[in-house]
Amino acid sequence: MSVLPLVFTSGWASGINAYAVVLLLGIFGATGMTDEVPESLQRTDVLIVVGALFLCEAVADKIPYVDTVWDSVHTVIRPVTGAVVAALLAGQSGSLPEITAGAAGGSTALVSHLVKAGTRMAVNTSPEPFSNIAVSTAEDLGVAGIITFAIFHPLPAAIVAGGLLLIGIVTTFFVASKIRRYWRRRAERRAERRIATTWPPL
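Below is a summary of the structure that appears in this document.

## Comments concerning the overall build of the protein chain
- Counting its regular elements, the protein chain contains 7 helices and 0 strands.
- The secondary structure elements of the protein chain, listed N-terminal to C-terminal, are α-α-α-α-α-α-α.
- Burial statistics for the protein chain: of 202 residues in total, 43% are counted as buried.
- Considering only intrachain contacts with a sequence separation of at least 6, the fraction spanning at least 24 residues in the protein chain is 75%.
- As presented, the protein chain carries roughly 10,300 Å² of accessible surface, and 73% of it is formed by carbon and sulfur atoms.
- Positive and negative side-chain charges of the protein chain, numbering 15 and 14 respectively, have mean locations separated by a distance of 15 Å.

Here it is in structure tokens:
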């Protein structure tokens, strides 16, 4: 079977939590549960590094406004990770050109990341922190579940990931007003900080 379904699913998941994708794929490969994962993702040093980064993300992603800063930093990291993972998967199977796989994985990760970042901006307009924790936990569990499902059932998992991506795009469209409110509040806070640093005047 073509590796394209797994490429698409890993790209979608990388846009949400790239470290979890690399960690899970590496563990599945290292434990012999699949032959689709290249050895470069199974290396002990790689698993240790992405495991530590995954723990950092698990904390940062649940703190209001810190999650948005974290997302901003990962605007490049997540799509690049999606592209690299996709290319490695394609190279391992030999059923899809690596450049094509990288483009598919990277572009899917970028769209998924933008949906995630936009949704989290909307969530940050809520005054309480519990919604951030709930959404972040749901994302982590969703990535873990979809990647695990994709290892054993690539095509159905890709269909589910595609459906979730579409739902995310539609949701982002409907919460656009909250996203604008987030940027307005951020601009107001910056203006208040500037006033605080320049007052009283000399």
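## Digging into the pattern of salt bridges
- In total, this model carries 9 salt bridges according to the counting rule given.
- A salt bridge links Asp61 to Lys116, with the shortest nitrogen-to-oxygen separation between them at 3.2 Å. Here the residue Asp61 occupies a position in the loop between helix 2 (44-60) and helix 3 (66-93), and Lys116 occupies one in helix 4 (residues 98-123), the gap between them amounting to 55 residues. You'll find Asp61 and Lys116 in the same group, each marked buried.
- Each member of the salt-bridge network shares a partner with another, and the members are Asp61, Asp67, Lys116, Arg120 and Glu139.

## Let's talk about the environment of Ala144
- Assignment of secondary structure puts Ala144 in helix 5 (residues 130-152).
- The exposure class assigned to Ala144 is partly exposed, which follows from its relative accessible area of 28%.
- Sequence separation between Ala144 and Ala83 is 61 residues; the distance between their C-alpha atoms is 19 Å.

## Here's the deal with unusual backbone geometry
- Of note, Tyr65 is a non-glycine position whose phi angle comes to about 70°, a positive value.
- The class for Tyr65 is partly exposed, based on a relative accessible area of 25%.

## Looking at the packing of aromatic side chains
- All chains considered together, the criterion is met by 2 aromatic pairs.
- On the numbers, 6.5 Å between centres and 75° between planes, the contact of Phe28 with Phe152 is edge-to-face. Taken together, the positions of Phe28 in helix 1 (residues 4-30) and Phe152 in helix 5 put the pair 124 residues apart, joining distant regions of the chain.
- Relative accessible area serves as the criterion here: at 9%, Phe28 is assigned to the buried category.

## Quick word on the packing of helix 4 against helix 5
- Across the interface, helix 4 lies against helix 5 with an axial gap of 10 Å and an inter-helix angle of 160°. Here helix 4 lies roughly antiparallel to helix 5, going by the angle between them. For the pair helix 4 and helix 5, the sense of crossing is right-handed. The residues of helix 5 that touch helix 4, namely those facing Lys116, Arg120 and Val123, are Ser131, Asn132, Val135, Ser136 and Glu139.

## A look at the nonpolar core
- Counting residues in each nonpolar core, the largest one holds 31 residues, and the members touching the most others are Val3, Trp12, Leu25, Val143 and Ile147.
- Taken together, the elements giving at least two residues each to this core come down to helix 1, helix 2, helix 3, helix 5 and helix 6 (154-174).
- At 12 residues, helix 1 tops the list of elements feeding residues into this core.
- Residues contacting Leu25, with those up to four places away along its chain left out, are Val37, Val85, Ile147 and Ile151.
- Counting 5 residues, the second-largest nonpolar core is a separate cluster that includes Ala122, Val175, Ile179 and Tyr182.

## A few points about the packing of helix 1 against helix 6
- For the pair helix 1 and helix 6, the least separation of the axes is 8 Å and the interaxial angle reads 40°. Crossing of helix 1 over helix 6 shows left-handed handedness. In this structure, helix 1 uses Pro5, Leu6, Phe8, Thr9 and Trp12 to contact helix 6, whose residues at the interface are Pro154, Leu155, Ala157, Ala158, Ala161, Gly162, Leu164 and Leu165.
- Looking at the contact of helix 1 with helix 6, its residues break down into 11 nonpolar, 2 polar and no charged.

Definitions and limits used
- Residues numbered from 1 in each chain as written.
- Predicted model: local features only at pLDDT ≥ 70, side-chain atom pairs only at ≥ 80, totals over all residues.
- Heavy atoms only, no water.
- Helix = DSSP H or I, 4+ residues; strand = E, 2+ residues; numbered from the N terminus.
- Buried < 20%, exposed > 50% of the residue type's maximum accessible area, 1.4 Å probe, protein only.
- Contact = heavy atoms within 4.5 Å.
- Areas by Shrake-Rupley, 256 points an atom, 1.4 Å probe, with all protein chains shown as cover.
- Lys, Arg positive; Asp, Glu negative; His and termini not counted.
- Charge placed at Lys NZ, Arg CZ, Asp CG, Glu CD.
- Salt bridge = Lys/Arg side-chain N within 4 Å of Asp/Glu carboxyl O.
- Phe/Tyr/Trp six-rings, centres within 6.5 Å; stacked < 30°, edge-to-face > 60°.
- Axes fitted to C-alpha atoms, helices over the stretch in contact; angles between N-to-C directions.
- Parallel < 35°, antiparallel > 145°, perpendicular 65-115°, else oblique.
- Left-handed = near helix turned anticlockwise from the far one by under 90°.
- Core = buried A, V, L, I, M, F, W, Y, C linked by side-chain atoms within 4.5 Å.
- Nonpolar A, V, L, I, M, F, W, Y, C, P; charged D, E, K, R; others polar.

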